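Observations on chain architecture
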Amino acid sequence: MSKTNLHEIAPTQFQKVGDISLADRELGAASGVPVIFLNHLGAVLDNWDPRVVDGIAAKHRVIVFDNRGIGASGGVTPDTVEAMARDAIAFIRALGLKQVDLLGFSLGGMVSQVIAELEPQLVRKMILAGTGPAGGVGINKVTRITIVDMLKGYLTFKDPKHYLFFTTTANGRREAGKFIKRLKERTKDRDKPISVRAFRTQLRAIHAWGVQQPSDLSTIRQPVFVANGDHDRMVPTSNTVDLANRLPNSELKIYPDAGHGGIFQFHDEFVAQALEFLAR
């Protein structure tokens, strides 16, 4: 795979996984344990904050990808988090990787938890941001919150992430604008947007995750860095605290005056903390 040091210009490539091809981009170091980024609801390759991707790639090999049925990837999006995790495992195996670190945000954090449960030997460390455990409080309300804020975005001519990812304080509104601007830095070879069908399927998977029986997270023995903003409306912050308490080898960071996208609002601090965590 070819590599570049900036997500803005990293080429989109396709990895054959079974009978489909999954879109991905790779950047950063040529050696070491790769960091696999697992994305949020409705997101494609271009929805990663370039400051976070480039920041981690400054020290690590980073691979971002569209899972089955998302963006430019082939196949049909599955309707369970477990099936998404199995697809991600198949992608990692297709790359010939024996061990990886995972950085999972929101839905990607849910998928990451299942990967660690299904294939513990595959995962060295995990970073889980803006996410929560199966059966977590309020996760089953993500659909309603998302639809309401999408409508609000439409009526105010703003990207819904202004409302879904950030607080409504002056600082939150300012940081939202900066984040949305950064997402537009890549102007060539942009990914295909998610389809309505895939988006609805992801919502069903998150709802199912929110109402299913809690998992025994004590079986996840890997070191885990857990992070969120202090006012996450999508996956209430209490879930992040609960996740950290139930994972036996975890550390927790809650960012002030920040929402679901806390790691994007505090991207420099988050990257520094993530790099320190991964280097241990």
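Everything numeric in this text was worked out from a predicted model, so none of it was measured.

A look at the overall build of the protein
Of the regular secondary structure elements, the protein holds ten helices and eight strands. Across its three principal axes, the protein shows a C-alpha extent of roughly 45 × 45 × 35 Å. The burial tally for the protein puts 57% of its 280 residues in the buried class. Across the protein, contacts joining residues at least 24 apart in sequence account for 73% of those joining residues at least 6 apart. Surface exposure of the protein reaches about 11,600 Å², of which carbon and sulfur atoms provide 54%. Between the averaged position of the 35 positive side-chain charges in the protein and that of its 29 negative side-chain charges there is a distance of 3 Å.

Here's the deal with the packing of helix H3 (residues 107-118) against helix H7 (residues 196-211)
The geometry of H3 relative to H7 is characterised by a closest axis approach of 11 Å and an angle of 60° between their N-to-C directions. As far as their axial angle goes, H7 and H3 are oblique. For the element pair H3 and H7, the recorded crossing hand is left-handed. Facing H3, whose interface residues are Leu-107, Met-110, Gln-113 and Val-114, H7 presents Gln-202, Ile-206 and Trp-209.

What about the packing of helix H1 (residues 50-57) against helix H10 (residues 267-279)?
One can describe the packing of H1 onto H10 by two numbers: an axis separation of 9 Å at closest approach and a directional angle of 30°. For the element pair H1 / H10, the angle class is roughly parallel. Crossing of H1 against H10: the hand is right-handed. Mapping the contact onto sequence places Arg-51, Val-52, Gly-55 and Ile-56 in H1 and His-267, Phe-270, Val-271, Ala-274, Leu-275 and Leu-278 in H10. Tallied by class, the residues present in the contact of H1 with H10 amount to seven nonpolar, two polar and one charged.

Rules behind the numbers
- Residues numbered from 1 in each chain as written.
- Predicted model: local features only at pLDDT ≥ 70, side-chain atom pairs only at ≥ 80, totals over all residues.
- Heavy atoms only, no water.
- Helix = DSSP H or I, 4+ residues; strand = E, 2+ residues; numbered from the N terminus.
- Buried < 20%, exposed > 50% of the residue type's maximum accessible area, 1.4 Å probe, protein only.
- Contact = heavy atoms within 4.5 Å.
- Areas by Shrake-Rupley, 256 points an atom, 1.4 Å probe, with all protein chains shown as cover.
- Lys, Arg positive; Asp, Glu negative; His and termini not counted.
- Charge placed at Lys NZ, Arg CZ, Asp CG, Glu CD.
- Axes fitted to C-alpha atoms, helices over the stretch in contact; angles between N-to-C directions.
- Parallel < 35°, antiparallel > 145°, perpendicular 65-115°, else oblique.
- Left-handed = near helix turned anticlockwise from the far one by under 90°.
- Nonpolar A, V, L, I, M, F, W, Y, C, P; charged D, E, K, R; others polar.

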